[in-house]
Amino acid sequence: MSPLASLRRIFALTKVRNLEFLRDVSSLGWNIILPIVLVFGLAMVFTGEGKPLYKVGVVTKAESLGSELHPFLGTKYIDFFIVDDAFDYLDKVRHHKLDMLIDLKTHRYWVNESSPKGYTLERMLAAEPYKLERSTVNGDEIRYVDWLVPGILGMNMMFSCLFGVGYVIVRYRKNGYLKRLNATPLTAFEFISAQVLSRLILIMAITTAIFLGTEWTLGLRMEGSHFALFVFALLGCVAMISMGLMVSARVTSEELAGGLLNALSWPMMVLSGVWFSMEGTSEWLQLSAEIFPMTHFLVGVRAIMLDGASLADLLYPMGMLAGMSFIFMLIGAGWFKWRQE
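1. Notes on the overall build of the protein
Across its full length, the protein holds twelve helices and five strands. Evaluated residue by residue, the protein yields a buried proportion of 43% over its 341 residues. The contacts in the protein between residues at least 6 apart in sequence include a share of 74% that link residues at least 24 apart. Counting only carbon and sulfur atoms, one obtains 63% of the accessible surface of the protein, whose full area is about 18,700 Å².

This is the structure we're talking about:
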C-alpha cells in the first residue's frame, strides 16, 4: 500500500468532515457563539468593585445606612446592609457567613467568639464613642469542602442527565433506531418515561455511592436527614433529565445537540452556585439563576446538609423542581419526533 495514497485518503476524509461541519450552520454557530457568551457572562459576574473585607448586617428603621446613624457605619471596606429581623440572621453569624450583626433598635450587636473577622470588627467597634451591648453566638465555621461537595456532585449529575439522555436520543434518531421503535405500539411519552427512569436509577445509585464515600472519608457536615437529602436529589435529577429530553425532542444533529446542551450546562455552572456563592452579585444575575433547576437543587441540598433544613422548609425549591420537570416533560413529549427528516 502506497504511503502517498494513504495520505490522500486521510486528506480527502479530513476535507469531507470539515466541509460537513462548516455546512452545518447551527453547529458552527454554537461553536462560535457559546465561548463569546461565556466570556462576556463571566466578565459581568466578576467585574465591579472589589469584594469588601467584612460583612455586617444592620437592623434599623432607616432606609439607608450611614455614619449619621452610628459612627461605625461610616467605616470603609465593610459591607453594611439592612436586615429586617436580627434573629433571622443569627445562624449566619453562627456559621461565619456574616461577620457581625448590629441591631440599632435595641442597641445590641452579635459576634461569633471563634470568628477572627468578628474579633477584628469588635475591636473597631469598641473604639467608637457610642457603645452597643455585646451578645455572642457560638458555632463552627462551615468548611469550603462542605459547601463545595454539593456543587461538584450536582455538576456531575447535571452532565450525566443532560448528555447521557439528550445526546443519546439524538444519536438514536440519527441512526434510525427511533424510526424502528415508531413501528411498535410504543408512544412518545412511554419512550421518554423509560429514558427518565433508566437514567434516574443509574445516576442516583452512582451519586449516592460517591456521596456516602466522601461523607465517610472527609467527615462532611450533615445537619439534616439522609432521607430528605435523597428525596431532594431525586427531584433535582428528574428535573435535569427532563431538560435534556426537551432539548433532544426534535434535534437531528449531534453537533447541534452538543451545542445546545453546553449552552444550558455552562450557564448553570456559572450562575447556579456550583463553585461560588452568588451572594453579593447584581440582583438581575441572581434572578436569572432562578430559571435553572441546578440553582434550586443546590439551594435545597446545602440547606439540608449545612443548616439542617427539612423537606417542609424547602417547599419553594421542591415546587420549582417539580414544576420544571412537568413543563420539560410536557414539551419533550409534545415536540418529540421519531424520524430524521
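2. Topic: the nonpolar core
With 60 residues, the main nonpolar core has Met-158, Phe-232, Cys-237, Ile-241, Leu-245, Met-294 and Phe-297 as its most contacted residues. Counting residues per element, the ones that place at least two in this core are helix H5 (144–174), helix H6 (177–181), helix H7 (188–218), helix H8 (226–248), helix H9 (254–271), helix H11 (293–307) and helix H12 (315–335). Looking at which element gives the most residues to this core, the answer is H8, with twelve residues. Ile-78, Phe-80, Ile-102 and Leu-104 belong to the second-largest nonpolar core, a separate cluster that totals 15 residues.

3. Section: a nonpolar patch on the surface
On the surface, Tyr-144, Ile-152 and Trp-275 cluster together into a nonpolar patch covering about 310 Å² of accessible area. Within the secondary structure, Ile-152 is located in helix H5.

4. Points about the pattern of salt bridges
Tallied over the entire structure, the rule returns three salt bridges. Measuring nitrogen to oxygen at the nearest pair gives 3.9 Å for the salt bridge that ties Arg-134 to Glu-113. Pair noted here: Arg-134 is in strand E5 (residues 133–137) and Glu-113 is in the loop between strand E4 (108–112) and helix H4 (116–126), with a separation of 21 residues, a long-range link. Arg-134 is the partner of Glu-122 in a salt bridge, and the nearest nitrogen-oxygen pair spans 2.1 Å. Of this pair, Glu-122 sits in helix H4 while Arg-134 is found in strand E5, placing the two residues twelve residues apart along the sequence.

5. Some remarks on the environment of Gly-308
With respect to the helices and strands, Gly-308 occurs in the loop between H11 and H12. For the pair Gly-308 and Gly-224, spaced 84 residues apart in sequence, the C-alpha separation works out to 3.9 Å. Every residue in contact with Gly-308, bar those within four places of it in the chain, is listed here: Glu-223, Gly-224 and Ala-303.

6. Thoughts on the confidence of the model for the protein
Fine structural detail should not be taken from predicted coordinates in areas where pLDDT scores are low. Chain-level pLDDT for the protein is 78 on average; 82% of the residues reach the 70-or-more range. Across the protein, the secondary-structure element scoring lowest on mean pLDDT is helix H2 (residues 25–46), at 56, and the one scoring highest is strand E3 (residues 100–103), at 90.

Parameters at a glance
- Once a new chain begins, its residue numbering starts again from 1 and follows that chain's sequence as written.
- Where totals are concerned, whole chains, interfaces and linings use all residues; where local detail is concerned, this predicted model gives features only for residues with pLDDT of at least 70, and gives and counts side-chain atom pairs only at 80 or more.
- As a rule here, side-chain values cover all heavy atoms of the structure and leave hydrogens and water aside.
- Working definition: helices are DSSP H or I runs of at least four residues, strands are E runs of at least two. Numbering for both runs from the N terminus.
- Partly exposed describes any residue whose relative accessible area lies between the buried limit of under 20% and the exposed limit of over 50%, with all areas from a 1.4 Å probe on protein chains only and scaled to the type maximum.
- Contacts are assigned to residue pairs that have any heavy atoms within 4.5 Å of one another.
- Only the protein chains shown count as covering a residue, and every accessible area follows the Shrake-Rupley method with a 1.4 Å probe.
- What makes a nonpolar core is a set of buried Ala, Val, Leu, Ile, Met, Phe, Trp, Tyr and Cys residues whose side-chain atoms join them at distances within 4.5 Å.
- Patch membership is restricted to residues that have no salt bridge and whose relative accessible area is over 30%. Joining uses 9 Å for like charges and 5 Å for the nonpolar side chains Val, Leu, Ile, Met, Phe, Trp and Tyr.
- Each salt bridge in this description consists of a side-chain nitrogen of Lys or Arg and a carboxyl oxygen of Asp or Glu lying within 4 Å of one another.
- Summary of the metric used: pLDDT quantifies the predictor's per-residue confidence within the range 0 to 100.

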